Amino acid sequence: MDLALFDFDGTITERETMPDFMLAAVRPGRLAVGKLVLLPLVLGYKLGVVSGSVVRAAICQFGFWRIPAAELEQHGAAFARDFLPTVLRPQAMERIAWHKARGDRIVVVSGGLDLYLRHWAQAHGLELLCSSLEQKGGRFTGRYRGAQCVRAEKARRVQAAYPPERFGKVFAYGDTPEDHDLLAMAHEAYYRWQPLVPAAQGGR
């Protein structure tokens, strides 16, 4: 059996989806204030001086602090059902179908949140490794539970849950520098749907 590892945002989808989830799930008042308070961080990210991890952590802290878990779970299920199908990349879905037909183990490995990714992955019969948020007393704290599933953390989680040596061949698909560690694990890797290691070469 082979292993297929897919980043989600920008690889399976045509764009980043976390901003769309924030627009859908953050309460309107917080959203309006947050756009002003967090603007310097967002601008820093666009200029390349603030990391995506720092921006995501700040946005979640501001948007989801003390929000009831049931409220966000409802938003996550609706987002997976109603919005995500509108931004899926046909090429990605065809490739996932190809791996399914081969009988490969398929895992989505994403820095996105399990609030919506869990529902989407289950609906498509895919396994999932992703970021999640901390809860206490039935409410979200706004903090991440553990490390965000990006960069080296992606590779670490795959190594722990799906040791590559147990599979005949590893495929990996990504689209940003946050996926480089994941792609480095593969025998056959694709960056923005272009092969990094041509299949004809084989091996890592």
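Provided above is the structure to which this section pertains.
This one's a predicted model, so the numbers in the text were calculated from it and none came from an experiment. (Residues numbered from 1 in each chain as written. Predicted model: local features only at pLDDT ≥ 70, side-chain atom pairs only at ≥ 80, totals over all residues. Heavy atoms only, no water.)

Colleague: Where do I start with the nonpolar core in this structure?
Modeller: Nonpolar side chains tend to gather and get buried jointly when the protein is soluble and globular. Core analysis: the largest hydrophobic core is formed by 39 residues, its most contacted members being Ile-12, Phe-64, Leu-84, Leu-113, Tyr-116 and Trp-120. For Tyr-116, the residues in contact, after removing those within four places along its chain, are Thr-17, Met-18, Phe-21, Gly-76, Phe-79, Ala-80 and Leu-84. (Core = buried A, V, L, I, M, F, W, Y, C linked by side-chain atoms within 4.5 Å. Buried < 20%, exposed > 50% of the residue type's maximum accessible area, 1.4 Å probe, protein only. Contact = heavy atoms within 4.5 Å.)

Colleague: Please explain the packing of helix H1 (residues 18-25) against helix H4 (residues 52-64) as it appears in this structure.
Modeller: The relative placement of two packed helices is expressed as an angle between their axes plus a distance between the axes. Taken N-terminus to C-terminus, the directions of H1 and H4 make an angle of 10°; their axes are 11 Å apart at the nearest point. What the angle tells us is that H1 and H4 run roughly parallel. Only Arg-56, Ile-59, Cys-60 and Phe-64 of H4 make contact with H1, whose side of the interface consists of Met-18, Phe-21, Met-22 and Ala-25. (Axes fitted to C-alpha atoms, helices over the stretch in contact; angles between N-to-C directions. Helix = DSSP H or I, 4+ residues; strand = E, 2+ residues; numbered from the N terminus. Parallel < 35°, antiparallel > 145°, perpendicular 65-115°, else oblique.)

Colleague: For this particular structure, what's the right way to read the packing of helix H5 (residues 69-83) against helix H7 (residues 114-123)?
Modeller: Contact geometry of H5 with H7 gives a least axis separation of 8 Å together with a crossing angle of 45°. Relative to H7, the element H5 lies oblique. Handedness of the H5/H7 crossing: right-handed. On the side of H5, the interface is formed by Leu-72, Glu-73, Gly-76, Ala-77, Phe-79 and Ala-80, while H7 contributes Leu-115, Tyr-116, Arg-118, His-119 and Trp-120. (Left-handed = near helix turned anticlockwise from the far one by under 90°.)

Colleague: I keep staring at the pattern of salt bridges and nothing clicks. Help me out?
Modeller: For side chains bearing opposite charge, pairing can occur when the charged atoms are close. In the structure shown here, the tally under the stated rule is 16 salt bridges. Two residues, Glu-178 and Arg-56, come together in a salt bridge whose shortest N-O distance is 3.1 Å. You can see Glu-178 sitting in the loop between strand S6 (170-174) and helix H9 (180-183) and its partner Arg-56 sitting in helix H4, a full 122 residues away along the chain. Exposure remark for Arg-56: the relative accessible area of 16% places this residue in the buried category. When salt bridges with common partners are traced through the structure, they connect Asp-2, Arg-102 and Asp-104 into a single cluster. (Salt bridge = Lys/Arg side-chain N within 4 Å of Asp/Glu carboxyl O.)

Colleague: Hey, could you run me through the sheet that holds strand S2 (residues 105-113) in this one?
Modeller: Adjacent strands of a sheet pair through backbone hydrogen bonds, lying either parallel or antiparallel. One open sheet holds the six strands; their spatial order is S3-S2-S1-S6-S7-S8, and the pairing between them is mixed. Edge positions in the sheet fall to strand S3 (127-131) and strand S8 (194-195), since each has one partner strand and no second. In terms of strand pairing, strand S1 (residues 3-6) meets S2 through four bridges, oriented parallel. Following the sheet pairing, Leu-5 is matched in S2 by Val-107. Sheet contacts for helix H6 (residues 90-102): S1, S2, S6 and strand S7 (188-191); angle to S6, the most-contacted strand, approximately 165°. Packed on one face of the sheet, H7 meets S2 and S3 and runs near 160° to S2. (Pairing = 2+ DSSP bridges.)

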